[in-house]
Every structure is written in C-alpha cells, then in structure tokens.
Amino acid sequence: MAEAAGVPLSSVSLVLNGKPGVSEARRQRILEAVETLQYVPTRKPAAKEPGRVVGLVMEALSPAAAQDGFMAEVVSGVEDGLRGRGMQMLLHLYRPDDDPISDLRSLMGRDVDGVIVANGGDVDEAAIERILATGVPVVLLENYLDLDTDIHAVVADNFTAGYRCTQHLLELGHRRIGMLVGSPRYVSLTDRRRGYQAALLEAGIIPSTELMPPQEPGSEVKGYQQMKQLLELPEPPTAVYAVSDKSAMGAYRAIAEAGLKIPEDISVVGTDDVLQSALLSPPLTTFVVPKFELGRVAAQAMHALLDNPSAAASRTVLHGRIAHRDSTALPATPQN
C-alpha cells in the first residue's frame, strides 16, 4: 500500500485510522491506492471488557486458626461462586487501622466492584461502617450488623447450632452441661451461646455463669483453660458444648490430662465439622456448618446486588445438621 502510493508507511496508517498529520495531496494518493488495490483494512479485535472484581476482606488469621481449615473452605466457596459468574476475587487480610478499599484500589488500579466482608473479629462494626461509607456494594459473610442501614448478609444458622447441640445432650439425660464460649467479637459465636442458653431454659434449667467460663484472650489452645476450670468445679459438668471444634480439641486435651475419658466420664459436642474433628479419638460429635456453601452463596448474593443495586437487603441463613459420632453418651450416673 505505501509503495503503491509512494508515501511512507506512517502516512498510510494515519489516513486509514482517520488521523490528521498528512497533506491533502498525499491523502488523495493513499485513498486512490486503496481503491485501486481494493484494500480492506483488517479490524483489530475490540479490547476485552474488564470483568468484575470483588474484594474479600477478612481478618488476618493466627496460625492455629488457619490450620483448622474453616475459613479456607469459606474462601474457596467465595472464589468458586464468583468465578462461576465471570467475576474475580481479590483477598485482603485486614489488620486494625487498615484502609481496605484504598489498599484494594492500589492493587487494582481502579475501584473494586463490590466487597464481601467475612467473619467479624478485627473487622469490627467501625471498620465495616468505613467500608460502607465509600459507597461500594457490600455483602457480609458469617456476620451481620444491627445498623440503621440495611446490609445484605449470608450466615450459618448459629443459634440453631447451639440449640441443637445442647438439646442432643439433654436428650441423652445430661442436666449439668458446660459451655466453652467464644469471643464476643464474633456474632456467630454469640448466637451459638444464645442457642445453648435457650435449650437449657426450655428444659427448665437456669444457665449458670460458672458453667460458661470466658475464653482467655490470646490463649494458644482454645478451650483448654476453660475445660480445666470446669473440671476444677466442686461439681463438674457431665457434658460440654464447645462453641467450635477447635475449642473441643482443647477440651479433649484437658480431659485426658485429668485422667478422664470421653464419653464415659464426660460427653463433648463441637461446632463447625472441620476436617480434624472426625480424626480425633474418639471422633467428635459436632454441628456441621456448610462452610463452602456459605462462601458460594455470598458470591451469589454479591452478583445479585451488582445486577440490582436497589434490591432490598436480605439475610440468607444456611442450615446445618449434627454429625453424630462417638464423643457423646448417657451420663455415667442418672441425673435429676
């Protein structure tokens, strides 16, 4: 083309792309060459539209928390759910005083399309309110807030988890049932405690604070010190409901050190059904929380919110079930 018109290649490019910088005489020679050669310009493929990117904001986990695999399954569910709808996930491990939106924007070079905020803890109400103030669409995962502003949320039925596990122990005949409570910074754990208390009250038993020793901050082995306190009571419980499988594992250790056996001397029920719970000796009876599904449904909720930003906020609750194993039995002596 350039040779036929007797002009530089750069001039041909300018004319074919409709750009200035070429004299009228030269432009006419190029257009005549186009007609003579019946040249049809090759279309460049249109630039691909960037897909939606959703940030997943969650607190940085301790090594012990990372090992139990609970959040790993949740994160995997989020990623799978987003990918199945043509979206990508960008993980942000939050630490106090972080600005997650700014950090995600720096990584992206632009704003993320939405944010899924998971699990509470360090990502407290104030942090969530700062995220909401940016105007980015938000879905809470395994958390909810009672704010004036409605927020979409996806949670497990944690109240039912506490209620059903305690009810299972009551049905076996236990009446003095302890609980290894969790940190109040997590709504999910608080709801499990409420379920425990509701089951006791329904059975005509007043929940006792001495049977719910608080979790010590920074404790390396969750549930261990709490179980030791329960075993040192003048009248120890005959059964224990642990707010998490991780706490139940700490209870196993304290019970073994006291020379007692599970379930002959004391029954134990956990919550979450992490991988290790079925490998304990004896295998742990626990409430199965649908971890992967929680993440996947949160991704669905985000997709729906991005497609319809004006949709009324909803709280989606996923049900679980008890996995009956070998850590519970009738109390050693009948109880009134």
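Up top is the structure.
A brief look at the structure comes next. (Residues numbered from 1 in each chain as written. Predicted model: local features only at pLDDT ≥ 70, side-chain atom pairs only at ≥ 80, totals over all residues. Heavy atoms only, no water.)

### Digging into the overall build of the protein chain
- Check the secondary structure of the protein chain and you find 12 helices and 11 strands.
- Considering the protein chain as a whole, with its 336 residues, one finds that 46% of them fall into the buried category.
- Across the protein chain, the fraction of contacts at a sequence separation of at least 24, relative to all contacts at a separation of at least 6, is 71%. (Helix = DSSP H or I, 4+ residues; strand = E, 2+ residues; numbered from the N terminus. Buried < 20%, exposed > 50% of the residue type's maximum accessible area, 1.4 Å probe, protein only. Contact = heavy atoms within 4.5 Å.)

### A short note on the sheet that holds strand β4 (residues 138–141)
- If you walk across this open sheet you meet the six strands as β2-β1-β3-β4-β5-β10, and the pairing is parallel. The open sheet has two edge strands, β2 (88–94) and β10 (315–318), and neither has a second partner. Geometrically, the sheet is characterised by an average inter-axis angle of 20 degrees between neighbouring strands, direction not taken into account.
- One ladder, built from seven bridges, connects strand β1 (residues 53–59) with β2; its direction is parallel. Note that in β2 the partner of Met58 across the bridge is Leu93. (Pairing = 2+ DSSP bridges. Axes fitted to C-alpha atoms, helices over the stretch in contact; angles between N-to-C directions.)

### A look at the pairing of β1
- Here β1 lies mainly inside the structure; seven of its seven residues are buried.
- Every second residue of β1 is oriented toward a common face, with Val53, Gly55, Val57 and Glu59 on one face and Val54, Leu56 and Met58 on the other, all of them buried.
- Bridge count for β1 against strand β3 (residues 114–118) is five bridges, and the pairing is parallel. Bridge assignment links Gly55 to a residue of β3, and that residue is Val115.

### Here we look at the sheet that holds strand β9 (residues 285–288)
- Strand order in the open sheet formed by five strands is β6-β7-β8-β9-β11, with mixed pairing between adjacent strands. One side of each edge strand has no neighbouring strand; the edge strands of this open sheet are β6 (177–180) and β11 (321–323). For this sheet, the mean inter-axis angle between neighbouring strands, taken without regard to orientation, is 20 degrees.
- Looking at chain direction, strand β7 (residues 239–242) and strand β8 (residues 267–272) are connected through three bridges and run parallel. Across the sheet, residue Val240 finds its bridge partner in β8, namely Val268.
- Packing against the sheet, helix α11 (residues 245–257) makes contact with β6, β7, β8 and β9, and its axis sits at approximately 155 degrees to β8.

### Let's talk about the packing of helix α10 (residues 224–231) against α11
- Put simply, α10 and α11 touch, their axes get as near as 7 Å, and they point 40 degrees apart. Comparing the axis directions of α10 and α11 gives the class oblique. For the crossing formed where α10 meets α11, the hand is right-handed. Residues Tyr224, Met227, Lys228 and Leu231 of α10 lie in contact with α11, whose contacting residues are Gly250, Ala251, Arg253, Ala254, Ile255 and Glu257.
- Residue composition of the contact of α10 with α11, by class: six nonpolar, one polar and three charged. (Parallel < 35°, antiparallel > 145°, perpendicular 65-115°, else oblique. Left-handed = near helix turned anticlockwise from the far one by under 90°. Nonpolar A, V, L, I, M, F, W, Y, C, P; charged D, E, K, R; others polar.)

### Let's talk about the pattern of salt bridges
- One pass over the structure, following the stated rule, counts 12 salt bridges.
- Put simply, Arg176 and Glu210 hold a salt bridge, and the shortest N to O gap is 2.7 Å. Of this pair, Arg176 sits in the loop between α8 (158–171) and β6 while Glu210 is found in the loop between α9 (187–202) and α10, placing the two residues 34 residues apart along the sequence.
- Of the residues examined, Arg176 reaches a relative accessible area of 16% and is grouped as buried.
- Under the relative-accessibility criterion, Glu210 is labelled partly exposed at 40%.
- For Arg253, the salt bridge is made with Glu257, and the minimal N-O distance between the two is 3.4 Å. Of this pair, Arg253 and Glu257 both sit in helix α11, separated by four residues, roughly a single helical turn.
- On the basis of relative accessibility, which here comes to 42%, the residue Arg253 falls in the partly exposed class.
- Bridged by salt links that share partners, the residues Glu79, Asp80 and Arg83 form one connected network. (Salt bridge = Lys/Arg side-chain N within 4 Å of Asp/Glu carboxyl O.)

### So, the nonpolar core
- Counting 66 residues, the largest nonpolar core has Ile116, Leu141, Val154, Tyr196, Met227 and Tyr241 as its most contacted members.
- Counting residues per element, this core draws most heavily on helix α12 (residues 291–307), which supplies seven residues.
- Once residues within four sequence positions are removed from consideration, Leu141 is found in contact with Val74, Val78, Ile116, Val117, Ala118, Asn119, Val154, Leu294, Gly295 and Ala298. (Core = buried A, V, L, I, M, F, W, Y, C linked by side-chain atoms within 4.5 Å.)

### A word on helix α6 (residues 100–108)
- For α6, the complete set of buried residues consists of Pro100, Ile101 and Leu104. Buried residues of α6, seen end-on, are gathered within an arc of 95 degrees and therefore sit on one face of the element. (Arc of directions from axis to C-beta.)

### Quick word on the packing of aromatic side chains
- The full count for this structure, using the stated rule, is one aromatic pair.
- Ring geometry for Phe159 against Tyr163: centres 6.5 Å apart, planes inclined by 10 degrees, an arrangement best described as stacked. Residue Phe159 and its partner Tyr163 are both found in helix α8; the two are separated by four residues, about one turn of the helix.
- Taking relative accessible area as the criterion, Tyr163 reaches 17% and is therefore assigned buried. (Phe/Tyr/Trp six-rings, centres within 6.5 Å; stacked < 30°, edge-to-face > 60°.)

### Thoughts on unusual backbone geometry
- A cis amide bond links Ile262 to the next residue, Pro263, at an omega of 5 degrees.
- The omega angle of the peptide bond from Ser281 to Pro282 is 0 degrees, so this bond is cis rather than trans.
- Take Pro282: it is sitting in the loop between β8 and β9.
- Residues other than glycine seldom take positive phi values, yet Asp97 does so here, at roughly 75 degrees.
- Tracing the backbone shows Asp97 in the loop between β2 and α6.
- With phi around 125 degrees, Asp272 is a residue other than glycine that occupies positive phi space.
- Structurally, Asp272 can be placed in strand β8.
- Residue class for Asp272 comes out buried when judged on its relative accessible area of 7%.

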